[in-house]
Amino acid sequence: MAVALLKRSDVAEKYTWNLGSIYPDRGAWNADARRVEEAMLRLESYKGHLGDSAEKLLGWFRELEADMPLVGHLVVYSNMLHDTDTTNQAASALKDKARGIQARFAAATAFAEPELLAIPQERVEQFMSEEPALQVYSHYFDMLKKREGHIRSPEVEAVLAMASDALETARSAHGTLADADLKYDSVETEGEDVEVAAGTINALLRRPDISVRKEAWEKYADGYLSVKNTFANLISGGVKKDVFYARARNYASSLDAALSRNFIPPAVYENMLETSQ
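The rules behind the values
- One numbering rule holds for all chains: residues counted from 1, following each sequence as written.
- For a predicted model such as this one, the threshold for reporting local features is a pLDDT of at least 70, and the threshold for listing and counting side-chain atom pairs is 80 or more; totals across whole chains, interfaces and linings nevertheless cover every residue.
- In computing side-chain properties, one takes all heavy atoms of the structure into account and sets aside hydrogens as well as water.
- Throughout this description, the term nonpolar core refers to a set of buried Ala, Val, Leu, Ile, Met, Phe, Trp, Tyr and Cys residues connected via side-chain atoms within 4.5 Å.
- Classification of residues uses two cut-offs on accessible area relative to the type maximum, computed with a 1.4 Å probe and protein chains only: under 20% is buried, over 50% is exposed, and between them is partly exposed.
- The numbering of helices and of strands both runs from the N terminus, where a helix is a DSSP run of H or I of at least 4 residues and a strand a run of E of at least 2.
- Here a polar contact is taken to be a pair of N or O atoms separated by no more than 3.5 Å, where protein atoms must pair a possible hydrogen donor with a possible acceptor and residues adjacent in sequence count only if both atoms sit in side chains.
- Here, residues are in contact when the closest pair of their heavy atoms is within 4.5 Å.
- Expected helix span is taken as 1.5 Å per residue step, with the number of steps being one fewer than the number of residues.

J.: Any details on the nonpolar core? Residues and values, ideally.
T.: Ranked by internal contacts, the top residues of the largest apolar core, which has 41 residues, are Trp29, Leu50, Trp60 and Leu134. For this core, the element with the highest residue contribution is helix α2 (residues 54-84), accounting for 13 residues. Listed in part, the 15 residues of the second largest apolar core include Tyr184, Val196, Leu204 and Phe231.

So, in structure tokens, the structure goes:
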């Protein structure tokens with residue numbers, strides 16, 4: 001008897017994500033999307049005014065922190081909906097819409113960090129003295145200062161943010177190819193033909209019969225090898241994206257750019273590789 005992957009509609013509800021805990025229906029998702037559009041206009045009104053006063057600066061942080069979770073909810077819901085069935089085109093469209101909203105939100109707020117860096121340190125300290133609620137951001141300002149030289153002008157930052165959606169195409173296409181379009185055949189185990197797929201390979205590789213493990217792995221690998229040239233091009237696209245961001249932000253390399261997110265010097269990474277050999 002052939003054993004195929006279950007459709008989500010056939011899986012017991014207790015084993016599925018409770019997407020209703022984020023949004024009960026698409027109408028609620030759309031309502032939050034409209035709220036984010038309105039939030040962009042409010043946040044953009046702060047442009048050129050972050051250094052006006054302690055009250056204005058605190059207002060910026062408070063509004064940004066109130067609106068960012070809405071963007072997160074839109075993205076998480078649409079990503080999870082898409083992941084339940086990567087062949088569902090309606091879910092894919094919603095995921096793309098959320099990613100576009102996220103990019104536009106980032107572009108609308110891209111002026112902030114260049115503008116904050118332009119505020120003299122003494123003025124920032126004065127603001128924190130005048131408004132104690134700003135003191136919680138002291139660490140943020142310290143980390144922001146360390147990124148000086150890699151944060152570009154407001155105009156360039158806005159363009160980089162808007163480009164982020166398009167530059168994720170290679171990664172997105174890689175996921176669709178691997179999770180939706182690839183077919184891996186099946187293996188026979190304990191009298192059943194079990195479909196090899198991303199959702200079954202780990203269980204198959206734990207089967208006690210070594211021949212089953214070997215066949216499952218080979219068929220899983222063969223699925224990737226059947227489209228190896230396409231995967232190679234998608235990986236190349238991802239590398240080009242990383243190199244582009246590194247150069248646009250004045251980093252010595254894409255490795256340096258990646259490590260800088262957590263303020264890790266490249267020497268630490270290189271030392272780890274040397275000691276692990």
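Next comes the rest of the description.
J.: Report on the side chain of threonine 109, specifying residues and quantitative values.
T.: Mapping threonine 109 onto the fold places it in the loop between α3 (89-108) and α4 (112-118). Looking at threonine 109, its side chain comes within polar contact range of the main-chain oxygen of phenylalanine 105, at 3.0 Å. The residues contacting threonine 109, other than those within four sequence positions of it, are Leu43, Trp60 and Leu64.

J.: Got a sec to walk through α3? Specific residues and values, please.
T.: Compared with an ideal rise of 1.5 Å per residue, which puts 20 residues at 28 Å, α3 spans 28 Å between its outermost C-alpha atoms and is within 8% of the ideal. Turning to α3, its buried residues number three or more, namely Ala91, Ser92, Leu94, Lys95, Ala98, Arg99, Gly100, Ile101, Ala103, Phe105, Ala107 and Ala108. Elements that come into contact with the buried residues of α3 comprise α1 (26-44), α2, α7 (154-167) and α8 (169-181). For α3, the capping residue at the N-terminal end is asparagine 88, with a side-chain oxygen 2.9 Å from the backbone nitrogen of alanine 90.

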